[in-house]
Amino acid sequence: MSSAADKLIVALDFPNASQALALVDQLEGRCRWFKVGLELYISAGNHVVLELKKRHFGVFLDLKLHDIPNTVAGAVRSVAGLGADLLTVHAGGGPAMLAAAAEAAAGLPQASRLLAVTVLTSMDAAQLAATGIAARPAEQALRLAKVAHESGIQGLVCSPEEAAQMRHELPGSILVTPGIRPVGASVGDQKRVATPAAALSAGADYLVVGRPITLAKDPVLAAEAILSEIAFVK
Ligand code: C5P
């Protein structure tokens, strides 16, 4: 399998485990990483995460935890036994919540590596302004990334548009970028997007790709096209 496969995370946004695992069967041997988000986790629960780990895939458990510090720390402890490699918390939960999550993870040998979600890739300046935040998405994302770093979380989820700035300002971060759209792909509800090659060139470590693969007529071809596009990006 190519090393490009180490950088591509396929988002299994499906309503049930059988549809999700059918795609996993198709992509096995080509893709190494899968993301379980809220839609699938709420319907299929831990079973699908355990199944993916049994099959030796990298698993990104995208629960985007956002609650009071005590509850988020408890949730980090509760999912630790699943063996997911990456787990998201919302940076907007603030420094106390982020520090509680980091502290909970640090106390557990099996805990997932935490990623702080900065500003959702579906939000543009107008969406942010409607929530009372006057800053541009890139400014707000960097502010939240710094809060996450200071609270002990070095992994970040950001848009590819912010990846270069994050890489420059917070060089030690692990950068995960959704909002990936190959040339010609439908943007859907995403607002801050880039092609796979552009996102990697900007400094992303991992690309999260959902609908451009899951809704493709031929998901295997769609995944292979992305893998070839990124294969030679340094
Ligand atoms: O289908 P698409 O490629 O837009 O899927 C992107 C995936 O990344 C979705 O599962 C979404 O929940 C997730 N995500 C995101 N923006 C973030 C964090 C996660 O789109 N900031």
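To be clear, the structure that these remarks concern was listed above.
Structural notes, computed from the coordinates. None of the values given here were measured: they were computed from a predicted structure.

## Remarks on the site of the ligand
- D13, K35, R181, G210 and R211 are the nearest of the 17 residues found near the ligand.
- Within the side chain of T121, a nitrogen or oxygen atom sits 2.8 Å from a nitrogen atom of the ligand.
- In this structure, G210 approaches the ligand through a main-chain N or O atom, which is 2.8 Å from an oxygen atom.
- A total of 470 Å² of accessible area belongs to the ligand in isolation, and the protein chains cover 88% of it.
- Secondary-structure elements contributing two or more residues to the shell around the ligand are β3 (58-65), β8 (206-209) and α10 (211-214).
- Here the shell around the ligand is composed, by residue class, of eight nonpolar, three polar and six charged.

## A closer look at the packing of aromatic side chains
- Scanning the model with the defined rule gives two aromatic pairs in all.
- A centroid spacing of 5.3 Å and a plane angle of 65 degrees characterise the contact between W33 and Y206, whose relative ring orientation is edge-to-face. In this pair, W33 sits in strand β2 (residues 33-36) while Y206 sits in strand β8, placing the two residues 173 residues apart along the sequence.
- On the accessibility criterion, W33 (11% relative accessible area) is buried.
- Taking relative accessible area as the criterion, Y206 reaches 18% and is therefore assigned buried.
- Consider the rings of F34 and F57, whose centres lie 5.0 Å apart with planes at 85 degrees: the pair is edge-to-face. One end of the pair, F34, is in strand β2; the other, F57, is in the loop between α3 (46-54) and β3, with 23 residues separating them in the sequence. Both residues of the pair, F34 and F57, count as buried.
- Directly above the ring of F60 sits K35, whose terminal nitrogen or CZ lies 5.8 Å from the centroid.

## A few points about the environment of A129
- Mapping A129 onto the fold places it in helix α6 (residues 125-130).
- Residue A129 is classed as partly exposed on the basis of its relative accessible area, which comes to 45%.
- Once the C-alpha coordinates of A129 and V193 are considered, the two residues, 64 residues apart in sequence, prove to be 19 Å apart.

## A short note on the side chain of T121
- Looking at the secondary structure, you find T121 in the loop between β5 (113-117) and α6.
- At a separation of 2.7 Å, a polar atom in the side chain of T121 contacts the side chain of Q190.
- With residues near it in sequence (within four places) discarded, T121 still touches C158, S159, P178, G179, Q190, K191 and R192.

## Points about the sheet that holds β2
- Taken in spatial order, the eight strands line up as β1-β2-β3-β4-β5-β6-β7-β8 and close into a barrel, and their pairing is parallel. Each strand axis lies, on average, 25 degrees off the axis of its neighbour in the sheet, ignoring direction.
- The pairing of strand β6 (residues 155-157) with strand β7 (residues 174-177) spans three bridges and is classified as parallel. Within the sheet, the bridge partner assigned to G155 lies in β7 and is I174.
- Against the sheet, helix α4 (residues 69-80) touches β3, β4 (86-90) and β5, its axis set at about 160 degrees to β3.

## Notes on the pairing of strand β1 (residues 8-11)
- Alternating positions in β1 separate into two faces, L8 and V10 on one and I9 and A11 on the other, with burial throughout.
- Note that β1 and β8 share three bridges and pair parallel. Bridging from a neighbouring strand, V10 pairs with V209 of β8.
- You can see the chain leave β1, run along helix α1 (residues 17-27) and come back into β2, and the turn it takes is right-handed.

Cut-offs used in this document
- Residues numbered from 1 in each chain as written.
- Predicted model: local features only at pLDDT ≥ 70, side-chain atom pairs only at ≥ 80, totals over all residues.
- Heavy atoms only, no water.
- Near = heavy atom within 4 Å.
- Polar contact = N/O pair within 3.5 Å; in protein donor to acceptor, adjacent residues only side chain to side chain.
- Areas by Shrake-Rupley, 256 points an atom, 1.4 Å probe, with all protein chains shown as cover.
- Helix = DSSP H or I, 4+ residues; strand = E, 2+ residues; numbered from the N terminus.
- Nonpolar A, V, L, I, M, F, W, Y, C, P; charged D, E, K, R; others polar.
- Phe/Tyr/Trp six-rings, centres within 6.5 Å; stacked < 30°, edge-to-face > 60°.
- Buried < 20%, exposed > 50% of the residue type's maximum accessible area, 1.4 Å probe, protein only.
- Lys NZ or Arg CZ within 6 Å of the ring centre and 35° of its normal.
- Contact = heavy atoms within 4.5 Å.
- Pairing = 2+ DSSP bridges.
- Axes fitted to C-alpha atoms, helices over the stretch in contact; angles between N-to-C directions.
- Right-handed = clockwise from strand over helix to strand, strands pointing away.

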